[in-house]
Amino acid sequence: MENKMEWWRQTSIYQIYPWSFQDSNGDGIGDLQGILSRLDEIKDLGVETIWFSPFYVSPGEDFGYDIADYTKIDPRFGTMADCDRLFKEIHKRKMRVVLDMVMNHTSDKHPWFIESKSSKTNPKRDFYIWRKGTNKAPNNWISMVGKSGWNYDSQTKEYYYSNFLSFQPDLNYRNPKVKQTMFAVLDFWLKKGVDGFRLDIFNSIFKDERFLDNPFSFRFFPTPDNHDEAFFQKKQYNLNLPESFSFAKEVRKHISKYKQKPFLIGEVSGSDLVLKSFLGEKVDGLNLVFQFELIHFSYNAKFFKDLLEKNEKVFPSPYTPTYVLGNHDQRRYIDRLGGDIRKAKLLVCFQFMARGVPVVYYGEEIGRKEGRISNFFGKDPIAKLNRFVPLFLSNLLGIYINRDNCRLPMLWDDSNNGGFTNGKSWLPIGVIQKEETVSGQKNEPDSLWKHYQTMFLLRKKWDVIRVGSLQTISTDKKNVLSFQRSDKKNKIRVYLNFGNNPEQIGFKEKGKLLYSFGGSEKTENELFLPPHSGLVLEMGLSSKQ
Ligand code: GLC
Ligand code: CA
């Protein structure tokens, strides 16, 4: 990188869900050796930073988000030697590694919790949050999954707190030993060279010390970017506490002494003000937070224009916005577009050309579709909790219950099981069509995979796309979004037509076409944009002001 801006502000992130990426030993579950065997293909796509969903020792009740040992590899994924090799091979290919760190809670099978639970006087008792309660939960706090966060333990006759599922007891960060222990975990991985951490439900780390009841709210349904008011409660005392904002700074400070200049990206939710508090008023908190607005996009130019303008206003440089279209908890965006690849290309061009860090979820590059597994048959613990809600009803209400459906195995080719496994896949593969696989798209100039590859390439090639400032540009066409990226050396202009009609835009400025898709063209005096097409122009020296 030729400029001075920190590397993590210029990178792009690719999320791998280890269960579903590539199986190497035929047990139907993805693993580290499998991932190793696909590194060249990932590199070929253009991936820069890989975020791995957890592969630590875990009973797997929440597929790794319930950790039973933070510094060991779960045997279903391989060994520590595989992991070391994986990191080495990633770095050899000039890519970077981000691990998922679930600091908020452990599995209830973690030895710390087993000890903690064993008696009120056990030294690990205070590793977790225990409260008395006479036949009644200690207060009204509702967890993120919509039930009381308090769980009664009959052995010691007290309640422990869990802000997610009951088998994920929350650690007690008011106990300095917990902090120390967790910092030691971070050190363990940082010494192995990891380049960053994705912090799972970091908004939940601290709970109110006084255990005050949460006030009432009229809202029932949470959204991906707002858990703070849900289930008729304003979660004032169990989410987004000021202590969590300061802890973000502490963690940042702790990791910043490492020479690889690691970064933190937090899974937090709430208003922009809340997100900004996590990032720190001096930009000294979490390096990045996921911004989930794109998860519920409206497919029109105005939505995207407003989002860009809002982010430039609220998160001006050196704040770095992130653009997330999906992850292992959300319905895949291609399904939200009715499978329309033209529209997908538009969204991706927006995501990669905007100022910030694009986050790609494995399979998005081939338009991997959602499964149709009912809530009843779901393996996902959230589905298990809501077994009897029919899929059509949860879809109708716009709530996402069975996360199995966005976690289906990667489709590499049109062989048996899409090249994912020789055995029986842990989740159904579904119908395989060659044009929906990596091998079916890699050599097709108009494929979605190629489009992603071009996007990665453009970012790599042009400093201005990674570090330049952003201005939206008014056109008189309401369905066309245009914005410009500029730095001292270059200007790049993007035009995207979200409409169902072709658009012609008078264009007399100098400009060189860098990339066009969906049939768009630039003639001497005009840009021509068919429905759902777009183009990227380099504005050339003469357009410099
Ligand atoms: C986060 C993860 C999700 C997990 C939960 C509990 O939201 O993304 O997959 O179930 O935290 O750890
Ligand atoms: Ca396997």
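Residues numbered from 1 in each chain as written. Chains lettered and ligands numbered in written order. Predicted model: local features only at pLDDT ≥ 70, side-chain atom pairs only at ≥ 80, totals over all residues. Heavy atoms only, no water.

J.: Break down the sheet that holds strand 1 (residues 13-16) for me, with residues and values.
T.: What the eight strands build is an open sheet, ordered 13-12-9-5-2-1-15-14; its pairing is parallel. Two strands in the sheet have a free side with no partner beyond their single neighbour: strand 13 (288-289) and strand 14 (322-324). In the sheet, strand 1 pairs with strand 15 (residues 357-361) via three bridges, with the strands oriented parallel. Residue pairing for strand 15: Gln 15 is matched across the bridge by Tyr 361. (Pairing = 2+ DSSP bridges. Helix = DSSP H or I, 4+ residues; strand = E, 2+ residues; numbered from the N terminus.)

J.: How would you sum up the packing of aromatic side chains? Please name residues and give values.
T.: The final tally for this structure, using the stated rule, is 56 aromatic pairs. Ring geometry for Tyr 323 versus Phe 350: centroids 5.6 Å apart, planes at 90°, classification edge-to-face. With Tyr 323 in strand 14 and Phe 350 in helix 11 (residues 341-353), this pair connects stretches of sequence that are 27 residues apart. Like Phe 350, Tyr 323 is buried. Aromatic rings pair up to connect Phe 52, Phe 55, Tyr 56, Tyr 70, Phe 87, Trp 112, Phe 127, Phe 188 and Trp 189 into one cluster. Here the guanidinium or amino end of Arg 125 rests over the ring plane of Trp 130, the centre of that ring lying 3.7 Å away. (Phe/Tyr/Trp six-rings, centres within 6.5 Å; stacked < 30°, edge-to-face > 60°. Buried < 20%, exposed > 50% of the residue type's maximum accessible area, 1.4 Å probe, protein only. Lys NZ or Arg CZ within 6 Å of the ring centre and 35° of its normal.)

J.: Summarise a nonpolar patch on the surface; cite the residues concerned and give the values.
T.: Where nonpolar side chains cluster on the molecular surface, the patch consists of Phe 216, Phe 218, Phe 220, Phe 221, Phe 232, Phe 392, Leu 393, Leu 396 and Leu 397 and spans about 1,000 Å² of accessible area. Accessibility expressed as a relative area gives 75% for Phe 218, which makes it exposed. (Patch = residues over 30% accessible without salt bridge, like charges linked within 9 Å, V, L, I, M, F, W, Y side chains within 5 Å. Areas by Shrake-Rupley, 256 points an atom, 1.4 Å probe, with all protein chains shown as cover. Salt bridge = Lys/Arg side-chain N within 4 Å of Asp/Glu carboxyl O.)

J.: Quick rundown of unusual backbone geometry? Include the residues and the values.
T.: Of the consecutive residues Ser 317 and Pro 318, the connecting peptide bond is found in the cis state with omega at 10°. With respect to the helices and strands, the residue Pro 318 is situated in the loop between helix 9 (301-314) and strand 14. Here Phe 63, not a glycine, exhibits a phi torsion of approximately 50°, which is positive. Residue position: Phe 63 is located in the loop between strand 3 (56-57) and strand 4 (69-73).

J.: Kindly report on the domain arrangement of the protein, identifying the contributing residues and their values.
T.: In terms of domain boundaries, the protein breaks down into domain 1 (111-161) and domain 2 (468-541). Averaged C-alpha coordinates put domain 1 and domain 2 at centres separated by 57 Å. (Domains from an automatic or database assignment.)

J.: So what about the environment of His 451? Which residues, and what values?
T.: Within the secondary structure, His 451 is located in helix 15 (residues 448-461). Residue classification places His 451 among the buried residues on the basis of a relative accessible area of 1%. Distance in space between the C-alpha atoms of His 451 and Ile 366 is 9.8 Å, their sequence separation being 85 residues. Apart from residues lying up to four places away in sequence, His 451 is in contact with Lys 345, Val 348, Cys 349, Tyr 515 and Phe 517. One polar contact links the side chain of His 451 to the main-chain carbonyl oxygen of Lys 345, over a distance of 2.9 Å. (Contact = heavy atoms within 4.5 Å. Polar contact = N/O pair within 3.5 Å; in protein donor to acceptor, adjacent residues only side chain to side chain.)

J.: Before we move on, could you go through the coordination of the calcium ion (ligand 2) and cite the residues and values that matter?
T.: Those protein atoms acting as donors to the calcium ion (ligand 2) are Asp 23 (OD), Asn 25 (OD1), Asp 27 (OD), Ile 29 (O) and Asp 31 (OD), and they sit at 2.2 to 2.4 Å. Counting gaps between the donor residues of the calcium ion (ligand 2) yields the pattern D-x1-N-x1-D-x1-I-x1-D. For Asp 23, a relative accessible area of 6% translates into the label buried. With a relative accessible area of 14%, Ile 29 lands in the buried category. (Donors = N, O, S within 2.8 Å, 3.2 Å for Na, K, Ca; no water.)

J.: Let's hear about the side chain of Asn 311: which residues, and what values?
T.: Looking at the element boundaries, Asn 311 is found in helix 9. If we ignore the near neighbours within four places in the chain, the residues touching Asn 311 are Gln 291, Glu 293, Pro 316, Pro 321, Tyr 323 and Arg 355.

J.: Quick one: what's the story with the sheet that holds strand 8 (residues 158-161), residue by residue and with numbers?
T.: If you trace the three strands from one edge of the open sheet to the other, you get 6-8-7, paired in antiparallel fashion. The open sheet has two edge strands with one neighbour each: strand 6 (130-131) and strand 7 (150-153). With two bridges joining them, strand 6 and strand 8 adopt antiparallel strand pairing. Note on strand 8: the bridge partner recorded for Trp 130 is Tyr 160.

J.: I'd like to hear about the pattern of salt bridges, residue by residue, with values.
T.: Scanning the model with the defined rule gives 35 salt bridges in all. One salt bridge in this structure joins Arg 93 and Asp 40, with 2.6 Å as the shortest N-O distance. Of this pair, Arg 93 sits in the loop between helix 4 (80-92) and strand 5 (96-101) while Asp 40 is found in helix 3 (residues 39-45), placing the two residues 53 residues apart along the sequence. Exposure remark for Arg 93: the relative accessible area of 18% places this residue in the buried category. For the salt bridge of Lys 109 with Asp 108, the shortest nitrogen-to-oxygen distance reads 3.1 Å. Among the charged side chains, a salt-bridge network with shared partners connects Asp 62, Asp 329, Asp 380, Arg 403 and Arg 407.

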